[in-house]
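Spelled out from the first residue to the last, the chains are:
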Amino acid sequence: MRILEERLADAQARRSSLGERNERWSRPCAEARDQVRRAEEEIDRLAQTAQRLRVFLEAFEDGTVDIFTGGRKLRVAVSPEVATVRVAARQEVMLKRGR
C-alpha cells in the first residue's frame, strides 16, 4: 500500500510540475499564434493585385452606371448594395469583377 501511496505522490508532483510548465508556455504560444495570423493577413493584403481606378460619369435607374476607363466610356452593372447616389460625377471609383 505504501508503494502505491508513493507512486500517487510522485504522479501528483509530476502533474503539478507539468501544469506549471504548461502555464509558462501557453501565453507565449498564444502570442506567437496571433503574430502569425497578423503576418498572414498582411501577406494576403500585400499580395492583392493592383486595382485600376475608373472615373464615374453617371448613374441610371436600371442599376447601371457609365464610367470612363482606358480612354473608353463603358456602361457597367452595379451591385444593389452600392449606393450610387453617394458618388459624384468625375469621382474615381474601383471596379470589382463579377463572378
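Everything that follows concerns the structure shown earlier in this document.
Residues numbered from 1 in each chain as written. Predicted model: local features only at pLDDT ≥ 70, side-chain atom pairs only at ≥ 80, totals over all residues. Heavy atoms only, no water.

## Some points on the side chain of Thr 64
For clarity, the cut-off: Numbering goes from the N terminus for both helices and strands, where a helix is a DSSP run of H or I of at least four residues and a strand is a run of E of at least two. As used in this structure description, the phrase polar contact means that two N or O atoms lie within 3.5 Å; if the pair is within protein, one of them must be able to donate a hydrogen and the other to accept it, and residues adjacent in sequence are counted only when both atoms belong to side chains. Contact definition: two residues touch when any of their heavy atoms are within 4.5 Å.
Inspection of the secondary structure puts Thr 64 in strand β2 (residues 64-69). Side-chain polar atoms of Thr 64 contact the side chain of Asp 62, separated by 2.5 Å. Setting aside residues no more than four positions away along its own chain, Thr 64 makes contact with Glu 58, Ala 59, Arg 75, Val 76, Ala 77 and Val 78.

## Concerning the sheet that holds strand β3 (residues 72-77)
So the rule is basically this: In short, DSSP must find at least two bridges between two strands for them to pair. Between N-to-C directions, angles cover 0 to 180 degrees, with each direction set by a line fitted to C-alpha atoms, over the stretch in contact for helices.
Read across the open sheet, the four strands follow the order β3-β2-β1-β4; overall the sheet is antiparallel. Each having just a single partner strand, β3 and β4 (92-94) make up the two edges of the open sheet. Shown here is a sheet whose adjacent strand axes are inclined to one another by a mean of 50°, direction ignored. Relative to β2, strand β1 (residues 53-59) is paired through four bridges, and the arrangement is antiparallel. Looking at β2, one finds that Glu 58 is bridged to Asp 66.

## Brief notes about unusual backbone geometry
Phi at Arg 90 takes a positive value of approximately 70°, unusual for a residue other than glycine. Mapping Arg 90 onto the fold places it in the loop between β3 and β4.

Remember that the coordinates give geometry; whether it matters functionally is a separate question.
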